[in-house]
Protein chains: 2
Amino acid sequence: MNFKPKKMLIPFRYIIHLVGLFLVCLSSFLGQAQVISSPDKNLSLQFELSANGVPTYQLSYKNKAVIKPSSLGLEIKDSPSFMDGFSITNSAQNSVDNSWNPVMGEEKTIRNHYNELVVTLAQVQNNNRYIRIRFRLFDDGLGFRYEFPKQNDLNYFVIKEEHTEFQLAGNHKIFWIPGDYDTNEYAYTTSKISEIPSLMKKATIPINAQQPIQELAVQTPSMMKSEDGLYINIHEAALINYPAMSLNVDAENFKMSSHLTPDAVGSKGYMQTDTQTPWRTIVVSDKATEILASKLILNLNEPTSYKDVSWIKPMKYIGIWWEYFVAGKSTWAYGKENNVKLGQDFTKLTPNGKHGATTERAKEYIAFAAKNGFDAVLIEGWNVGWEDWIGNWKEDVFDFVTAYPDFDVKAVHEFAASKGVKIMMHHETSGSATNYERRLDRAFEFMNENGYDAVKTGYVGQIIPRGEHHDGQWMVNHYIHVAQRAADYKIMVNSHEAVRPTGLNRTYPNWVAQESARGTEFEAMGGLAPEHTTILPFTRLMGGPMDFTPGIFQTDLSYYNTGGKQRVNTTLAKQLAYYVTMYSPIQMAADIPDNYNRFPDAFQFIKDVAVDWDNTYILEAEPGDYITIARRAKGKKEWFVGGISDENSRTAKVTFEYLPKGTKYIATIYADAKDANWNEKPQNYTVTKVIVTSKTVLKQYIAPGGGFAISIKEGSFRAMKGLQKI
Amino acid sequence: MNFKPKKMLIPFRYIIHLVGLFLVCLSSFLGQAQVISSPDKNLSLQFELSANGVPTYQLSYKNKAVIKPSSLGLEIKDSPSFMDGFSITNSAQNSVDNSWNPVMGEEKTIRNHYNELVVTLAQVQNNNRYIRIRFRLFDDGLGFRYEFPKQNDLNYFVIKEEHTEFQLAGNHKIFWIPGDYDTNEYAYTTSKISEIPSLMKKATIPINAQQPIQELAVQTPSMMKSEDGLYINIHEAALINYPAMSLNVDAENFKMSSHLTPDAVGSKGYMQTDTQTPWRTIVVSDKATEILASKLILNLNEPTSYKDVSWIKPMKYIGIWWEYFVAGKSTWAYGKENNVKLGQDFTKLTPNGKHGATTERAKEYIAFAAKNGFDAVLIEGWNVGWEDWIGNWKEDVFDFVTAYPDFDVKAVHEFAASKGVKIMMHHETSGSATNYERRLDRAFEFMNENGYDAVKTGYVGQIIPRGEHHDGQWMVNHYIHVAQRAADYKIMVNSHEAVRPTGLNRTYPNWVAQESARGTEFEAMGGLAPEHTTILPFTRLMGGPMDFTPGIFQTDLSYYNTGGKQRVNTTLAKQLAYYVTMYSPIQMAADIPDNYNRFPDAFQFIKDVAVDWDNTYILEAEPGDYITIARRAKGKKEWFVGGISDENSRTAKVTFEYLPKGTKYIATIYADAKDANWNEKPQNYTVTKVIVTSKTVLKQYIAPGGGFAISIKEGSFRAMKGLQKI
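Residues numbered from 1 in each chain as written. Chains lettered and ligands numbered in written order. Predicted model: local features only at pLDDT ≥ 70, side-chain atom pairs only at ≥ 80, totals over all residues. Heavy atoms only, no water.

Peer 1: Would you take a moment to explain the overall build of chain A for this structure?
Peer 2: Scanning chain A from terminus to terminus reveals 13 helices and 37 strands. Relative to the compact-globule value of 27 Å for 726 residues, chain A shows a C-alpha radius of gyration of 26 Å, a close match. If one aligns the C-alpha atoms of chain A with their principal axes, the spans along those axes are about 75 × 65 × 50 Å. A burial count over chain A gives 65% of its 726 residues as buried. Counting only contacts in chain A whose residues sit at least 6 apart along the sequence, the fraction spanning at least 24 positions is 73%. Of the roughly 25200 Å² of accessible surface on chain A, 48% is carried by carbon and sulfur atoms. Counting 77 positive and 80 negative side-chain charges, chain A places the centres of these two groups 7 Å from one another. (Helix = DSSP H or I, 4+ residues; strand = E, 2+ residues; numbered from the N terminus. Rg over C-alpha atoms; globule rule 2.2 N^0.38 Å. Buried < 20%, exposed > 50% of the residue type's maximum accessible area, 1.4 Å probe, protein only. Contact = heavy atoms within 4.5 Å. Areas by Shrake-Rupley, 256 points an atom, 1.4 Å probe, with all protein chains shown as cover. Lys, Arg positive; Asp, Glu negative; His and termini not counted. Charge placed at Lys NZ, Arg CZ, Asp CG, Glu CD.)

Peer 1: I keep staring at the side chain of Thr 164 of chain A and nothing clicks. Help me out?
Peer 2: Residues and elements named next belong to chain A. Turning to its location among the elements, Thr 164 is positioned in the loop between strand S10 (156-162) and strand S11 (165-168). At 2.6 Å, the side chain of Thr 164 forms a polar contact with the side chain of Tyr 146. Looking at Thr 164, its side chain comes within polar contact range of the side chain of Glu 162, at 2.6 Å. (Polar contact = N/O pair within 3.5 Å; in protein donor to acceptor, adjacent residues only side chain to side chain.)

Peer 1: How should the sheet that holds strand S15 (residues 217-218) of chain B be read in this particular structure?
Peer 2: Note: strands within a sheet are paired through backbone hydrogen bonds, in either parallel or antiparallel orientation. Residues and elements named next belong to chain B. As summarised here, the arrangement of the 8 strands in space is S2-S3-S4-S5-S12-S19-S18-S15, forming an open sheet in which the pairing is antiparallel. If you trace the sheet from one side to the other, it starts and ends with strand S2 (34-37) and S15, each paired once. With 2 bridges joining them, strand S5 (residues 64-71) and strand S12 (residues 165-168) adopt antiparallel strand pairing. Paired with Lys 68 across the two strands is Gln 167, which belongs to S12. (Pairing = 2+ DSSP bridges.)

Peer 1: Quick question: what am I supposed to make of empty space enclosed by the protein here?
Peer 2: Using a probe with the size of a water molecule, rolled over the atoms, empty space left in the structure can be pinpointed. Summed over the entire model, instances satisfying the criterion amount to 9 cavities of 30 Å³ or more. If you go around the largest cavity, you meet 17 residues; those closest to its centre are Pro 501, Thr 502, Leu 504, Trp 511 and Gln 514 of chain B. Here the lining of the largest cavity gets 4 residues from one element, more than from any other, and that element is strand S28 (residues 511-514) of chain B. Of the residues assigned to the lining of the largest cavity, the class counts are 10 nonpolar, 6 polar and 1 charged. Around the second largest cavity sit 14 residues that line it, and Ile 177, Tyr 188, Thr 220, Pro 221 and Arg 540 of chain A are the ones nearest its centre. In terms of residue class, the lining of the second largest cavity is built from 6 nonpolar, 6 polar and 2 charged. (1 Å grid on protein atoms, 1.4 Å probe; cavity = no way out; pocket = protein on both sides within 12 Å on 5 of 7 lines; lining within 4 Å. Points joined across faces, edges and corners; volume = space filled by probe spheres on them. Nonpolar A, V, L, I, M, F, W, Y, C, P; charged D, E, K, R; others polar.)

Peer 1: Help me understand the UniProt feature "domain: Glycosyl-hydrolase 97 N-terminal" (unreviewed entry) in chain A, please; the structure alone is not making it clear to me.
Peer 2: Here, UniProt's "domain: Glycosyl-hydrolase 97 N-terminal" (unreviewed entry) annotation points to residues 36-303 of chain A. Along residues 36-303 of chain A the backbone is 7% helical and 49% strand, and the end-to-end C-alpha distance reaches 25 Å. (UniProt positions renumbered as here; feature names shortened; annotations may be inferred.)

Peer 1: In this structure, what is going on with the interface of chain A and chain B? I would like to understand it.
Peer 2: When the parts of a complex come together, some accessible area is lost, and that lost area is often used as the size of the interface. Across the boundary between the two partners, chain A contributes 36 residues, which contact 36 residues of chain B. Together chain A and chain B conceal approximately 3100 Å² of surface at their shared face, both sides included; 40% is due to carbon and sulfur atoms. The tally of links between chain A and chain B comes to 6 salt bridges. Linking Asp 488 of chain B and Arg 442 of chain A is a salt bridge whose minimum nitrogen-to-oxygen distance equals 3.1 Å. Linking chain A with chain B are 32 residue pairs in polar contact (both at pLDDT 80 or more), by the criterion used here. The dominant element in the side of chain A that touches chain B, judged by the number of residues it contributes, is helix H7 (residues 433-449) of chain A, at 6 residues. (Buried area = accessible area lost by both parts, 1.4 Å probe. Salt bridge = Lys/Arg side-chain N within 4 Å of Asp/Glu carboxyl O.)

Peer 1: I would appreciate a short explanation of the pattern of salt bridges in the present structure.
Peer 2: If charged atoms from side chains of opposite charge come close, those side chains can pair. Residues and elements named next belong to chain A. As enumerated under the stated definition, the model contains 73 salt bridges over all chains in all. Close ionic contact of Glu 414 with Lys 410 constitutes a salt bridge, the shortest N to O distance being 3.0 Å. Here Glu 414 pairs with Lys 410, and both are found in helix H6 (residues 409-419), just 4 residues apart, close to one helical turn. In this structure, a network of salt bridges that share partners links the residues Glu 116, Arg 134, Arg 136, Arg 145 and Glu 147.

Peer 1: Before we go on, may I ask you to explain the sheet that holds S10 of chain A in this structure?
Peer 2: Residue and element names in this part refer to chain A. Pairing within the open sheet is antiparallel, and its 3 strands lie in the order S5-S10-S19. The sheet is open, and its two edges are formed by strand S5 (74-76) and strand S19 (270-272), each paired on a single side. Between one strand axis and the next, the sheet turns through 50° on average, direction left out of account. Of the strand pairs in this sheet, S10 and S19 are connected by 3 bridges, and their pairing is antiparallel. By the bridge assignment for S19, Val 158 is matched with Tyr 270. (Axes fitted to C-alpha atoms, helices over the stretch in contact; angles between N-to-C directions.)

Peer 1: How should the domain arrangement of chain A be read in this particular structure?
Peer 2: Residues and elements named next belong to chain A. By domain assignment, chain A separates into domain 1 (30-299) and domain 2 (318-496). Each of domain 1 and domain 2 was reduced to a C-alpha centroid, and the two centroids are 36 Å apart. At the junction of the two partners, domain 1 supplies 18 residues and domain 2 supplies 16 residues. Counting the surface lost from both domain 1 and domain 2, the interface buries some 1300 Å², and carbon and sulfur atoms represent 50% of this. (Domains from an automatic or database assignment.)

Peer 1: Looking at this structure, I do not really get the relation of the copies chain A and chain B. What am I missing?
Peer 2: Mapping between the two chain copies consists of a rotation about an axis together with a translation along that axis. Laying chain A over chain B is done by rotating through 180° and shifting 0.1 Å along the axis; what remains is an RMSD of 0.0 Å. One copy is carried onto the other by what is essentially a two-fold rotation axis. Rotation axis and chain A: the residue whose C-alpha lies nearest the axis is Arg 438 of chain A, separated from it by 2.6 Å. Residue by residue, 100% of the interface of chain A is reproduced at the interface of chain B, so both copies engage with the same surface. (Least-squares fit on C-alpha atoms with pLDDT ≥ 70 in both.)

Peer 1: So what exactly am I meant to see when it comes to unusual backbone geometry here?
Peer 2: Generally, phi is negative for residues other than glycine and the peptide bonds are trans, each holding for most cases. A cis geometry characterises the amide bond from Thr 273 of chain A onward to Asp 274 of chain A, with omega recorded as -10°. Inspection of the secondary structure puts Asp 274 of chain A in the loop between S19 and strand S20 (275-276). Cis geometry is found at the peptide bond from Ile 464 of chain B to Pro 465 of chain B, where omega equals 20°. Turning to its location among the elements, Pro 465 of chain B is positioned in the loop between strand S26 (454-458) and helix H8 (473-488). Backbone geometry places Asp 78 of chain A, a non-glycine residue, at a positive phi of 55°.

Peer 1: It is not clear to me how the packing of aromatic side chains should be interpreted in this structure. Could you clarify?
Peer 2: Remark: the centre distance and the inter-plane angle together describe each pair of aromatic rings, the angle taken between the planes. Inspection of every chain in the model, using the stated rule, returns 86 aromatic pairs over all chains. Considering the side-chain rings of Phe 135 of chain A and Phe 144 of chain A, the 5.6 Å spacing of their centres and the 40° angle between planes classify their relative orientation as tilted. For the pair Phe 135 of chain A and Phe 144 of chain A, a shared accessibility class is recorded, and that class is buried. With 4.6 Å between their ring centres and 55° between their planes, Tyr 324 of chain A and Trp 332 of chain A make a pair best called tilted. For the pair Tyr 324 of chain A and Trp 332 of chain A, one class covers both residues: buried. Counting every residue linked through ring pairs, the aromatic cluster contains Trp 321, Trp 322, Tyr 324, Phe 325, Trp 332, Trp 386, Trp 389, Phe 398, Phe 400 and Tyr 436 of chain A. When the ring centre of Phe 522 of chain A is taken as reference, the NZ or CZ atom of Arg 518 of chain A above it lies at 3.9 Å. Directly above the aromatic system of Trp 100 of chain B lies the positively charged group of Arg 506 of chain B, at a separation of 3.6 Å from the ring centroid. (Phe/Tyr/Trp six-rings, centres within 6.5 Å; stacked < 30°, edge-to-face > 60°. Lys NZ or Arg CZ within 6 Å of the ring centre and 35° of its normal.)

Peer 1: Teacher, can you tell me more about a negative patch on the surface here?
Peer 2: A cluster of acidic residues, Glu 445 and Glu 449 of chain A together with Glu 445 and Glu 449 of chain B, forms a negative patch on the protein surface. For the negative patch, the secondary-structure elements that each account for two or more residues are H7 of chain A together with helix H7 (433-449) of chain B. Considering the arrangement of structural elements, one finds Glu 449 of chain B in helix H7. Here Glu 449 of chain B falls in the exposed class, since its relative accessible area comes to 59%. (Patch = residues over 30% accessible without salt bridge, like charges linked within 9 Å, V, L, I, M, F, W, Y side chains within 5 Å.)

Structure follows, in structure tokens:
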């Protein structure tokens, strides 16, 4: 027989309310299949033990197979494995419907609504040693994890490999990047699963400090689309004290399976009961927009334990950064030398004449930020050590507290404070996490003393401890350690080159954003494909906010006369759209101030756009093709819409049904000009003010590689006078 | 032709005085042998390039070969090696004679007197990339190292292996322990070099977290004696930012060669010019006493850069420690559970009823320390985490700031302060160095806040970062990092289970002592051979002070009725001798206070004995057999003598010529009774007061496994009345 979930009470949305907790002892039904459905009944999860007591699950959506019967288990080092020989000793179901408010986010309130199945599995042959598998079935997908309760015969153990299988139902289209223990900064390949083997070599482009997985593997979040129109996203949630998971690919049978990142000695997880794995997540829908709207991964993360979160704030910032990539006139390093060591007298270096982070330049940026309403200025290259920071597996690279001779921390801080602007600290570690950890308290004390309340961290290079990887258990714990310790000092963290996110910004809300994907910097190093940013929200951003650093107005980089014909592969208008389509509670305006001064009307959108939201509406979406999103600013009657396309032009259908009914609003539309193209005349755009209501339907043209942005505000009768209603 | 050293000016001892610096450009003599002699001419060092430009050296003592022609070089990863193809581009000699005063030590003033040869070696085939080899020849031996100056074609490089050879002149007797990357806590084997292969397996006894070297190898300091009576000791000095060296053994050809400790990925040293290797040291004499008197290793270390050393002080201490090994009534852990995690509520554990570090017990020890003039009390097991601290490769083992529920840090501190006694902090890391580093600042702040000024550190277990070793470059840097950071907080460090010392207590004088060998704790775990402590000063202590933790009065451990017939393999009197024969500026009285109360007359010696010295006189010594040492207390007219024997009885010849002439002193002699034996009646001893002068020659009986101790003080006429003059 099947176990149907209890009929739900009518949930009270937006208040925390545990609808039901029903523990059912099922001892008389053991060995039979356990089934639960999602609250809306569209999803069905079935669990059973197959021959030899192997845990097996399957998942369907509207009666279509999403995951065909797939086995579950873990291989253990120097100890019997959790692979088979199981019997079910207990099975319990319960239902939860509550809601919670993130500190910052795309929605003011998030509903957490699921039916749960928890099976307890014991191995008679191993003294009844047991584990639990917990399944949570939401309307938008499935999360499940392995749990290892405290028990006499299980305390410490080491994972050799996790063997969680995902038997897909067909040869889906997949948006993928190569499996790699150290970097997620690959460009996406779109193919059938069966084509992955033949495309892997080409897809594995050179990246600093990469370690491609030897087996055929792709990274998560893995976005797929079936031939019959199902969108399937596999990732993980709450990656804590465990290595990141990639997916081995059986391209003939369309089967994926977990591949954990090993440590320096080849182990894949040091565990002590009571403990659990991260959640393995499968977000499913027949609408691509529902994938982007999913809050399943956040819901599977634990609430924060921080008592005070008042110091965690959204922000827009500029920075001494993009000029290092494009202008050719400045750089991080101060000295000409290619050999420096911490502790030496850096005032004795021979200045290279190109140091970007000078007191003077910092003040210019601060003045620009203050004038244009930015919260903060990032200054990279302020601290000693950049002369030979990369490629040497050097441990004592930076000390995070010693400024170059031409950068006066105190003077910059005082000037910034007088202007009401914050400086965003920059801690590049060069991958030397041990060096960072041993200096961390002192680095954060230095920040407190000098008025910094946010830090951009970087992990460019091979990891130290040597042999560890960016995505291994040790580094996973490192990133969390940094976030927690930063919280002690009320510091926000924006990590670059860290492991891909898994919703931990719920638990550690001061870990405000991450890079962890191929971001804007690559526009200056070969360029991003125009479709890249139509894929990222379906992949990288499923795990959490991305510090993509948009806002490049001068897209043709030959402008700088530094040689080469490099260009940013978007129109200017598309760069504006990113502030809405690429969610992050911190957003950079990445271009050089001079370029914003050249396009003041377009720059107005960046100045206006919100970065924290009450509501989000995914209006249109197709991975690899287009995305249109509308959002309501947190606590304001202001809405912002962003729409992007891939290399093709299209006409977006923008609706406004989320606007309060019966009221007219002024919409300012920043759009590609008809002759614009990512590759030609990318700076041709139009700015138009019109009147919109909740009934408006806008057909908005998008150029090839282009986009549009709309800001919507209340307006006086006078302000609306003469504006067209559409 | 040979280059003879310049004739020396008459040195002014005890003042810093650079006798001469003679740079001699030798371009016209390249390719010929370079020779220097020791200041006393007994030692001669010859360097030349052999065929194919291989650097080669040889060393003789009084015209006897110590090291026959042996090659030098280093193998480099992913780059040409420094092995051959060299030509000499420069050669320089100079002579130094100065002296310096250690913060604490065996001598108030140490003379640094050597002749130096520096050869610059270039490889034409590698763009004239060059290295230097620096030889310093003292009267007591040779030190040499490789130097890598800054140059265009050499910046970063990684060492694959160092190939420094020591071609010995014969099949010497050797006192050795197996080569091991993780532990130096082996018992010594005495054999011919040729016998090492057949004895290695037996010598490699099980030790926690050991990693025996796969090749045939022994550790340094390696003590040897030739058939014609030469004593030869090979070790290293100033081990900084480099892995510790073991010695591969070619037992057929009596050739040793360097074997560096690898890191997690098999590399053996990450180098950046300007840099150098540690010094390779060969202490040589035809008198064993001169080996023990050698200050060559200290002289090869850099002076300290600490500006204030006033807070670094010698100390005698007791501790809640030995009872954990023997009494069976107490232990480190508080809870019965075998599974705990930092962050849990430790007040909810089930007390095991045997926790040693309670507030009450601490106060008892403090009161005893105050009553008997001890400076400090070590309290192990005060902090949470001991329930499952070992054997699990667990990272977050201890936090170093959270006390068990029954230990009141504040109350203990206040009680100790009221008694004028310090508490010695205990930081067991369980080998989890990363965990210690990330908590270090907070741990030291906690010490400052609670009145601790010294810490005993421990590294029992496999190292984290996983794959690293106790003796690898990363850990070598870790120990120094801890010492340096401790200095920031004016904290002294006494490290256990760390890499063997190499004289760094000169450079980091707050690193006051180390264990780093098989110490007293093993008397409770199988026992130490009676000869063990006649070998240690010739091996382990060549590198620096040892926290051997002597002073066990209750040597028959069956006394505690905890089962077994374990015993400490010495007489009681020998335990007293250790305070003189085993040099350390911190000395523990390791036994339980009750046992000292039972033997108040013997205990008087421990109360009296100094731990810091103006002068040291090695009166008699033979490795493996006996040692007799006299020392003058720092700044006092007090002398202490200690003599020990191996498993055989003997009569020591104790002379007193170091006493001021013409004055009578009262000597209190603590000696084995005639019927005493390490194995029988070990607590039978005599205490005799006699009068001695500088002319006295005392024939002192030592029982098998026994020893004696003498304290010598000025005395009034009245006090001397009736005492025998000997």
